[in-house]
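# Analysis of the macromolecular model
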Amino acid sequence: MERNNIASGTPWEPVIGYSRAVRVGNHVHVSGTTATGPDGKIVGLGDPYAQAVQTLKNIESALQKAGAGMKDVVRTRMFVTNIADWEKIGKAHGEFFRDIRPATSMVEVSKLISPEMMVEIEAVAVIG
């Protein structure tokens, strides 16, 4: 099967050796994604809901570049730095996936790569 690596243009991708998303056949795997805006800065500093929304918009963009959409998502994994924020982050997730209802997990982690990041989300899509 053909493999298609999708880049987002961040400077970290070539250094760390990863792609924003990888499509193989009808499967798309989106790497852990954060609330980075087009200018490279974190959107929604101190606001877990705003960060989750921006993160999901970034995932949506990566999926579109791979020929998929949010409707194709079958799995998400949410990594959060404060599980007490679960309702705010879950609200954002629900706004994008209320009718799609992928399998999901939300787990607390001690920290993400940058201290201002509060949410990181991965996604898997199957194009049907």
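The sections below set out a description of the structure shown in this document. This structure is a prediction, so every number in the text was calculated from the model and none was measured. (Residues numbered from 1 in each chain as written. Predicted model: local features only at pLDDT ≥ 70, side-chain atom pairs only at ≥ 80, totals over all residues. Heavy atoms only, no water.)

### So, the environment of Val-28
- Mapped onto the secondary structure, Val-28 falls in strand S3 (residues 27-33).
- Put simply, Val-28 and Ala-62 are 34 residues apart on the chain and 9.4 Å apart in space, counted from C-alpha to C-alpha.
- Not counting residues up to four positions away in its chain, the partners in contact with Val-28 are Ala-21, Val-22, Arg-23, Leu-63, Ala-66, Ala-68, Ala-123, Val-124, Ala-125 and Ile-127. (Helix = DSSP H or I, 4+ residues; strand = E, 2+ residues; numbered from the N terminus. Contact = heavy atoms within 4.5 Å.)

### Regarding the nonpolar core
- By size, the foremost hydrophobic cluster in this structure holds 26 residues, and its most contacted members are Val-28, Val-30, Leu-56, Ile-59, Leu-63 and Met-70.
- Mapped by element, the contributors of at least two residues to this core are S3, helix H2 (48-65), strand S4 (73-80), helix H3 (86-97) and strand S6 (119-126).
- By residue number, the principal contributor to this core is H2, which donates 6 residues.
- Apart from residues no more than four positions distant in its own chain, Ile-59 is found in contact with Val-30, Thr-33, Met-70, Ile-121 and Ala-123. (Core = buried A, V, L, I, M, F, W, Y, C linked by side-chain atoms within 4.5 Å. Buried < 20%, exposed > 50% of the residue type's maximum accessible area, 1.4 Å probe, protein only.)

### Regarding H2
- Taking 1.5 Å of rise per residue, 18 residues should cover 26 Å, and H2 covers 26 Å from first to last C-alpha, within 8% of that figure.
- Among the residues of H2, those classed as buried are Pro-48, Gln-51, Ala-52, Val-53, Gln-54, Thr-55, Leu-56, Asn-58, Ile-59, Ala-62 and Leu-63.
- Contacts from the buried residues of H2 go to strand S1 (3-6), strand S2 (21-24), S3, S4, H3 and S6.
- Where H2 begins, the side chain of Asp-47 points an oxygen toward the backbone nitrogen of Tyr-49, at a separation of 3.1 Å.
- Trailing H2 by a residue or two, Gly-67 shows a phi angle of about 85 degrees, which is positive. (Expected span 1.5 Å × (residues − 1). Polar contact = N/O pair within 3.5 Å; in protein donor to acceptor, adjacent residues only side chain to side chain.)

### Some words on the pattern of salt bridges
- The tally for this structure, following the rule as stated, stands at 3 salt bridges.
- As a salt-bridge pair, Asp-72 and Lys-71 come within 3.2 Å of each other at their nearest N and O atoms.
- Note on Asp-72: relative accessible area 9%, which makes it buried.
- Owing to a relative accessible area of 64%, Lys-71 belongs among the exposed residues under this scheme.
- Its salt-bridge partner being Arg-77, residue Glu-122 comes within 3.7 Å of it at the nearest N-O pair. You can see Glu-122 sitting in strand S6 and its partner Arg-77 sitting in strand S4, a full 45 residues away along the chain. (Salt bridge = Lys/Arg side-chain N within 4 Å of Asp/Glu carboxyl O.)

### Here's the deal with the sheet that holds S2
- In space, the 6 strands of this open sheet follow the order S1-S2-S3-S6-S4-S5, with mixed pairing throughout. At either margin of the open sheet sits one strand with a lone partner, and together these are S1 and strand S5 (103-108). Ignoring strand direction, the axes of neighbouring strands in this sheet form an average angle of 10 degrees.
- Taken together, the 4 bridges between S1 and S2 define a ladder with antiparallel strand orientation. Within S2, the residue paired with Arg-3 across the bridge is Val-24.
- Sitting on the sheet, H2 touches S1, S2, S3, S4 and S6, and the angle it makes with S6 is about 30 degrees.
- Docked against the sheet, H3 engages S4, S5 and S6, running at close to 160 degrees with respect to S4. (Pairing = 2+ DSSP bridges. Axes fitted to C-alpha atoms, helices over the stretch in contact; angles between N-to-C directions.)

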